Amino acid sequence: MASATAPAAAAPTLAPPLQQLRHLAEELRLLLPRVRGELTELERATAGAGSGRGRDRGEAGLGVAERAGGGGGGGEPGSGEGGRSAYLSFSTRHHSAPTRHTRKSAKPRRPPRSLIERCSGEDSETQKFCEQVHAAIKAFIAVYYLLPKDQGITLRKLVRGATLDIVDGMAQLMEVLSITPTQSPENNDLISYNSVWVACQQMPQIPRDNKAAALLMLTKNVDFVKDAHEEMERAVEECDPYSGLLNDTDENNSDNHNDEDDVLGFPSNQDLYWSEDDQELIIPCLALVRASKACLKKIRILVAENGKKDQVAQLDDIVDISDEISPSVDDLALSIYPPMCHLTVRINSAKLVSVLKKALEITKASHVTPQPEDSWIPLLINAIDHCMNRIKELTQSELEL
């Protein structure tokens, strides 16, 4: 009798559709640190191994790849037949992923608002949709983990960046879709929707080998340094480093300017312009940045003409050191703006010179320089030394204070 009157077991209830979408966004966000951390641990484990460190890259990610992809087709992920099978799988997904998994939710042929309307009526349909998206993203990440280690770290970085863009874009899309229509700005859903589609379309544009990846990164670095050099030259030619930045402030405060302006944070006249000593110091700094641009261009040409796809470790080393040039140029460029600290300029110049010489040494010792005695390398080193010596002369008084 007791069993007859006992309440029936309650059927499991599903969360409302919007809550399910928010939960999916949270789960996708939790996947991002894994993708970022896999390569960070990899680099940390192989740091300091010199020109041969590229041969061991990928070891730290093997366990992750095995768990994600089941061992890469029966072999060790990232090496041997299993690694090649995984790479073929990656290459296939490289082109088909947008159509199989992401195009359904990302292709901007149907406004995402209709998705909310469709999901609002049926909690189970929303759950099924969320499960499919989560599974597709996890499978996509697993393919990235199975990219063979012997394909090169530069290529892995590019694939990792594209993978992160897609995962982050899907998480953002789910967050936007989980906002009720009355709370959501009109175009936010369409913008997020299109961002995922654009990220998916970038995948087929990723280089297919480490040499092509190296050339892409070197080209970007050349462009970065070129932009920095042009900005420095423009400021010097105009003799007004903050041209256009303070015009509005000057106009708004012309009527009620007083002595309190300097105290309240408005720069004084000496903070806006270079002194004669500053202008003299800028000349060798500009020459050093020009040498940096020439160095990167020469390295890129050597890689394009002589780089071999199977020499992934050396190509990775060249890209690694070349990646340090642009940030060093930026540090030097920022330090020349007034009020200029000559000691800071000297320190940043020495840092850039060190990076440039190391880049030239690594390039000279690699396979991309078939004739190490080529005259352009010593000539460029001499030009770099000349610039640094001049900077030391002009900043020597700062050290004596």
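Residues numbered from 1 in each chain as written. Predicted model: local features only at pLDDT ≥ 70, side-chain atom pairs only at ≥ 80, totals over all residues. Heavy atoms only, no water.

### What about the overall build of the protein chain?
Right, so step 1: On a plain count of helices and strands, the protein chain comes out with 17 helices and zero strands.
Right, so step 2: Evaluated residue by residue, the protein chain yields a buried proportion of 44% over its 401 residues.
Right, so step 3: Of the roughly 21,200 Å² of accessible surface on the protein chain, 51% is carried by carbon and sulfur atoms. (Helix = DSSP H or I, 4+ residues; strand = E, 2+ residues; numbered from the N terminus. Buried < 20%, exposed > 50% of the residue type's maximum accessible area, 1.4 Å probe, protein only. Areas by Shrake-Rupley, 256 points an atom, 1.4 Å probe, with all protein chains shown as cover.)

### Some words on helix 14 (residues 312-322)
Right, so step 1: Most of helix 14 sits out of view: 10 of its 11 residues are buried.
Right, so step 2: Among all positions of helix 14, only Val312, Ala313, Leu315, Asp316, Asp317, Ile318, Val319, Asp320, Ile321 and Ser322 are buried.
Right, so step 3: Residues of helix 14 that are buried in the fold lie against helix 7 (153-177), helix 9 (210-238), helix 13 (276-306), helix 15 (325-335) and helix 16 (342-365). (Contact = heavy atoms within 4.5 Å.)

### Some words on the state of the cysteines
Right, so step 1: If you walk through the whole model with that rule in mind, you get zero disulfides.
Right, so step 2: No disulfide involves Cys285; its sulfur sits 8.9 Å from that of Cys387, the nearest cysteine. (Disulfide = S-S within 2.5 Å.)

### With respect to the environment of Ala171
Right, so step 1: In this structure, Ala171 sits in helix 7.
Right, so step 2: Note on Ala171: relative accessible area 0%, which makes it buried.
Right, so step 3: Each C-alpha atom, one on Ala171 and one on Leu28, is 5.5 Å from the other, the two residues being 143 residues apart in sequence.
Right, so step 4: Beyond its immediate chain neighbours, meaning those up to four positions away, Ala171 contacts Ala25, Leu28 and Arg29.

### What about the packing of helix 14 against helix 16?
Right, so step 1: Direction vectors running N to C along helix 14 and helix 16 enclose 170°, while the axes themselves pass 9 Å from each other. With respect to helix 16, the axis of helix 14 lies roughly antiparallel. Every residue of helix 16 that contacts helix 14 at Asp317, Ile318 and Ile321 is listed here: Val355, Lys358, Ala359, Ile362 and Thr363.
Right, so step 2: Tallied by class, the residues present in the contact of helix 14 with helix 16 amount to five nonpolar, one polar and two charged. (Axes fitted to C-alpha atoms, helices over the stretch in contact; angles between N-to-C directions. Parallel < 35°, antiparallel > 145°, perpendicular 65-115°, else oblique. Nonpolar A, V, L, I, M, F, W, Y, C, P; charged D, E, K, R; others polar.)

### Some points on a negative patch on the surface
Right, so step 1: Together, Asp223, Asp227, Glu230, Glu231 and Asp330 line one region of the surface with negative charge.
Right, so step 2: Sort the elements by how many residues they give to the negative patch and helix 9 lands first, with four residues.
Right, so step 3: In this structure, Glu230 sits in helix 9. (Patch = residues over 30% accessible without salt bridge, like charges linked within 9 Å, V, L, I, M, F, W, Y side chains within 5 Å. Salt bridge = Lys/Arg side-chain N within 4 Å of Asp/Glu carboxyl O. Lys, Arg positive; Asp, Glu negative; His and termini not counted. Charge placed at Lys NZ, Arg CZ, Asp CG, Glu CD.)

### Quick look at the packing of aromatic side chains
Right, so step 1: Counting across every chain of the model gives one aromatic pair.
Right, so step 2: Both rings, one in Tyr144 and one in Tyr145, keep their centres 5.5 Å apart while their planes meet at 40°; by these two values the pair is tilted. Both residues of the pair, Tyr144 and Tyr145, belong to the buried class.
Right, so step 3: Above the plane of the ring of Tyr144 lies Arg156, whose end atom (NZ or CZ) is 5.2 Å from the centre. (Phe/Tyr/Trp six-rings, centres within 6.5 Å; stacked < 30°, edge-to-face > 60°. Lys NZ or Arg CZ within 6 Å of the ring centre and 35° of its normal.)

### A short note on the packing of helix 9 against helix 14
Right, so step 1: In the contact formed by helix 9 and helix 14, the axes pass within 10 Å of each other and the chain directions differ by 15°. On the basis of the axis angle, helix 9 is roughly parallel to helix 14. The chirality of how helix 9 crosses helix 14 is left-handed. Here helix 9 contributes Asn210, Lys211, Ala214, Met217, Leu218 and Asn221 to the contact with helix 14, which in turn contributes Val312, Leu315, Asp316, Val319 and Ser322.
Right, so step 2: Across the contact of helix 9 with helix 14, the residue classes tally to six nonpolar, three polar and two charged. (Left-handed = near helix turned anticlockwise from the far one by under 90°.)

### Details of the side chain of Arg346
Right, so step 1: Here Arg346 shows up in helix 16.
Right, so step 2: Non-local contacts of Arg346, meaning those with residues more than four positions away in its chain, are made with Met388, Ile391, Lys392, Thr395, Gln396 and Leu399.

### Brief notes about the pattern of salt bridges
Right, so step 1: The final tally for this structure, using the stated rule, is nine salt bridges.
Right, so step 2: Put simply, Arg29 and Glu175 hold a salt bridge, and the shortest N to O gap is 3.1 Å. Of the two residues, Arg29 is situated in helix 2 (residues 17-46) and Glu175 in helix 7; the sequence distance between them amounts to 146 residues.
Right, so step 3: Of the charged contacts in the structure, one is a salt bridge between Glu233 and Arg290, with a shortest N-O distance of 3.9 Å. Residue Glu233 is located in helix 9, and its partner Arg290 is located in helix 13; the two are separated by 57 residues in the primary sequence.
Right, so step 4: The exposure class of Arg290 is partly exposed, given its relative accessible area of 38%.
Right, so step 5: Overlapping salt bridges, with partners in common, bring together Arg29, Asp168 and Glu175 in one network.

Coordinates in, geometry out; function isn't part of it.
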